[in-house]
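Structural description and commentary
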Amino acid sequence: MSVNKDFFDPTRAFNYDFQSTGAPPTGWEGADRLPENLVPTHCCFCGVQCGMYLEVLDGSVVGVQPRFSPHNQGSLCPKGVVAYQQVGHPARLTYPLIRRGGKGGRLERATWDEALDYVVHRWQEIQAQQGPDAVAVYSGSSMTNEKCYLMGKFARVGLRSRHVDYNGRLCMSSAAGAYAKALGIDRCPLPMTDLLLTECLLVVGSNMAECFPVMMQWLWRARDNGAPLIVVDPRQTALARTADLWLPIKSGTDVALLNAFLRQVIHDGLVDEEYVRQRTVGWEAVREAVEAYPPEVAERICGVPAERIIAAARLYGRANRSLIMHARGIEHSTHGVDNCLACINLALARGQFGKPGGGATMLTGQGNGQGGREVGQKANQLPGYRHIDDPEDRTYVAKVWGIPVEEMPGEGAAATEMVRLMAEGQIRSCLVICSNLMVSLPDNAVVQRAIENLDPLVVIDFFLSETAELADVVLPGNVWCEDEGTTTNLEGRVVKINQATNPPGEARRDWEIICDLARRLGRGQFFPYHSAREIWDEYRVASKGGVADYFGITYEKIDAQDGVFWPCPTLESPGTPRLFTERFAHPDGKARFVAVTYQPPAEEPGGDFPFRLTTGRVVYHYLSGNQTRRLGFLNSQAPEPWVEIHPRAAQYLGIQNEERVRVRTRRGVMELKALVTEAIRPDTLFIPFHYGHREAVNQLTIPAVDPTVKIPEYKECAARLERIEAPPEAEPAPPRENFTPANAPKMFPYARGERKGPVKEVGKEF
Ligand code: SF4
């Protein structure tokens, strides 16, 4: 653990949260004393991964100070400022729990030996009856690369199961699929600092000011340099309010709009023909496909006036250097991959990839959402973005792991498909880490039935999440600053997380729990680690030669450079901040244009369900809220969900601001407060998704998924809005059948449809 006191400023020794809440954090015993150590590290929340110092006194983390890293320039947002309060939080899990008395029983204290032996005994019993694939791992991307890597290896080597996937399936899989397919590599192509070089910003489906607050400083500086800002969003977000052009699109219609942009660029003679000829293939099919989207046609589909489409396309198309940034607004869709491909087509036609300040990029949401999708915890992936079906990749990784290649399992089920397998009894036990399925998966009533079918459901977490509440065994793990490791931020910059304190009570570091489970399974020889560094050094070798090559990224190099961009194939390499300057990552060095056509969302508004319901984040919370809903300041700012309604819709229905209302979809119903605001389309409702139980919007969302990458369509479904004072609806929530293996495919439609052509066609690439 390295400690740096160079930036210590006693005038800032006051903890930020003291000022906001008036109360010291739990465990603070020395308010009159200055911290002894400042531990340099990074925030645990979003994909920006801001630099910060943790203040340590008497071995406890007692506060935070901003730290200057190249990408955050010393800034922190409200979440980063209070992240450290998780460390001594009274709700931390400090000892293992076992549910006694069967499924209806209570979670009670257990010893580690009792809990781990029980889990291993059940896994061995299940696997003896049904084979190794009956036990699955559902992992996450808010953990270090070391832990994400370990989870993929544990599933395949420890459990010998093919079923491992992670919560990035729910957020980054559309973008990952599209970038790998079109460009051969799934990474943001440029560093954040490149925003200063761009001459036009097109932000599509990103509430950037709330989701990535610290990133906004780069955007404002780009605007100060004269770059116009175009925002495409059904809501007038904080970002959209400051845009030069706001295009209030109907959610789920992005391809129509983006194809219309490209058509206009073509008709205005703004295609970089030389670039297209030299550096791409597939252009003619795209040129032909977008002809079907004149601005008037696009207007009818997406609800944006034709003249605004033309104006935006010209603003974008005339800039010498332009950058498209997109996020879950277009990616959480049954056509998420197509939406991202439409952005890439536009940027390729303008010859932007490879230019400083130019191109297109996804904005990765989770703290380690980039690294977590490279290290081998995806259903079809091995470390370094290798593919599990590729014989060479399998042989290489099997050798690193010390197993015969024949023992390497094949491709498993995607996270969204696992639900059906749980319901059918094909998966009988699941180890969940860093994920909260009961809040984050769509149509959560059926998710609950599926996971209640598991015996045991095993959860590693540091708070009792809504999913852990249903578990048979809960194992207390660590928060981010109780261990060391690395994360890869949304730029592709690998940063170092340093340990500031130890897990509380009997809680353990996550990797120690996994290694102990492996040992009890009789597979301890493959998990001989004594530290996160040893796991990292193995991962570097496992990734060597892969698309995401981390071999040259040592802890020391990260410290020396304050971050290293992958690919970094040798110890001498400084890393690769900017991609595609000379060639794309396909074997012929050329990018692929991919023609996409508009397809409607799985469920369009109409009849009894006239609104479009869309969901998203707010600045005060992170993902399922399992962490941020427990942090006093953050929760006080957004303690419950609400539904945003346009004044015209509210007036029509007689709804007042702050009145409690009922929102109903074909899957469920919830009651919550109305926020009447002009900052949303009149045909659209918005509900934030960070809440649990009866406040979870995923009671309402549709479990339809993109056919290739299986990402759910969180951003669009049909909904009805009702006054609560009105008599209850004659029609109750739709009756649900009890599931059986026979009807499970019908009840779990997001797993409907076995993987057909597309996943295999692009599976190698994402
Ligand atoms: Fe943390 Fe993201 Fe906020 Fe930075 S912008 S402090 S990484 S939540």
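Residues numbered from 1 in each chain as written. Predicted model: local features only at pLDDT ≥ 70, side-chain atom pairs only at ≥ 80, totals over all residues. Heavy atoms only, no water.

By size, the foremost hydrophobic cluster in this structure holds 128 residues, and its most contacted members are Trp123, Phe154, Leu183, Phe261 and Phe353. Of all hydrophobic cores here, the second largest spans 57 residues; its members include Val61, Cys77, Ala240 and Leu634. (Core = buried A, V, L, I, M, F, W, Y, C linked by side-chain atoms within 4.5 Å. Buried < 20%, exposed > 50% of the residue type's maximum accessible area, 1.4 Å probe, protein only.)

Attention now moves to the pattern of salt bridges. Overall, the coordinates contain 53 salt bridges when judged by the stated rule. We note a salt bridge from glutamate 482 to arginine 92, for which the minimum N-O separation is 2.9 Å. Of the two residues, glutamate 482 sits in the loop between strand E18 (473–476) and strand E19 (485–488) while arginine 92 sits in the loop between helix H2 (78–82) and strand E4 (97–100), which places them 390 residues apart along the sequence. The exposure classification of glutamate 482 matches that of arginine 92, with both residues buried. The shortest N-O distance in the salt bridge between glutamate 603 and arginine 666 comes to 3.1 Å. With glutamate 603 in the loop between strand E22 (591–592) and strand E23 (611–616) and arginine 666 in the loop between strand E25 (660–664) and strand E26 (669–676), this residue pair connects regions lying 63 residues apart in the sequence. Looking at glutamate 603, the relative accessible area reads 9%, which means it is buried. Taking the relative accessible area as the measure of exposure, arginine 666 reaches 38% and is therefore partly exposed. Each of the salt bridges in this network shares a partner with another, and the network as a whole consists of Asp113, Asp117, Arg508, Asp516, Arg519 and Arg520. (Salt bridge = Lys/Arg side-chain N within 4 Å of Asp/Glu carboxyl O. Helix = DSSP H or I, 4+ residues; strand = E, 2+ residues; numbered from the N terminus.)

Next up on the list: the site of the ligand. Inspection of the region around the ligand gives Cys43, Phe45, Cys46, Gln49, Cys50, Leu76, Cys77, Lys79, Gly80, Pro213 and Val214 as its neighbouring residues. Of the residues belonging to the shell around the ligand, the class tally is 8 nonpolar, 2 polar and 1 charged. (Near = heavy atom within 4 Å. Nonpolar A, V, L, I, M, F, W, Y, C, P; charged D, E, K, R; others polar.)

Taking 1.5 Å per residue as the helical rise, helix H4 (residues 145–158) with its 14 residues ought to reach 20 Å, and the 18 Å between its terminal C-alpha atoms agrees with that figure. Counting buried residues in H4 gives 14 out of 14 residues, a clear majority hidden from the surface. Of the residues one or two after H4, arginine 160 is the one with positive phi, at around 60°. (Expected span 1.5 Å × (residues − 1).)

A separate point is the side chain of serine 322. Structurally, serine 322 is set in strand E12 (residues 322–326). Taking the relative accessible area as the measure of exposure, serine 322 reaches 0% and is therefore buried. Among residues more than four places away in sequence, those in contact with serine 322 are Thr198, Cys200, Tyr316, Gln352, Gly357, Gly358 and Gly359. (Contact = heavy atoms within 4.5 Å.)

For strand E6 (residues 135–139), a buried count of 5 out of 5 residues is recorded, marking the element as mostly surrounded by other parts of the structure. Along E6, one buried face is formed by Val135, Val137 and Ser139 and the opposite face, lined by Ala136 and Tyr138, is buried too. Where E6 meets strand E16 (residues 429–433), 4 bridges bridge the pair, whose relative direction is parallel. Across the sheet, the residue bridging to alanine 136 is cysteine 430, located in E16. Relative to strand E7 (residues 164–166), E6 is paired through 3 bridges, and the arrangement is parallel. Across the sheet, residue serine 139 finds its bridge partner in E7, namely tyrosine 166. Handedness of the E6-H4-E7 crossover: right-handed. (Pairing = 2+ DSSP bridges. Right-handed = clockwise from strand over helix to strand, strands pointing away.)

With that out of the way, let us pick up the domain arrangement of the protein. Interface extent is often summarised as the accessible area lost during association of the parts. Parsing the protein into structural domains produces domain 1 (18–86), domain 2 (97–171 + 371–565), domain 3 (173–362) and domain 4 (611–764). Placing a centre on the C-alpha atoms of domain 1 and another on those of domain 2 gives a separation of 28 Å. On the domain 2 side, the residues contacting the 23 residues of domain 1 number 18 residues. Where domain 1 packs against domain 2, one counts 1 salt bridge. Measuring nitrogen to oxygen at the nearest pair gives 3.9 Å for the salt bridge that ties aspartate 562 to arginine 67. Every element with two or more residues in the side of domain 1 that touches domain 2 is listed here: strand E1 (37–42), strand E2 (51–57) and strand E3 (60–66). Of the residues forming the side of domain 1 that touches domain 2, the biggest block, 4 residues, is contributed by E1. The residue inventory of the side of domain 1 that touches domain 2, partitioned by class, reads 13 nonpolar, 9 polar and 1 charged. (Domains from an automatic or database assignment.)

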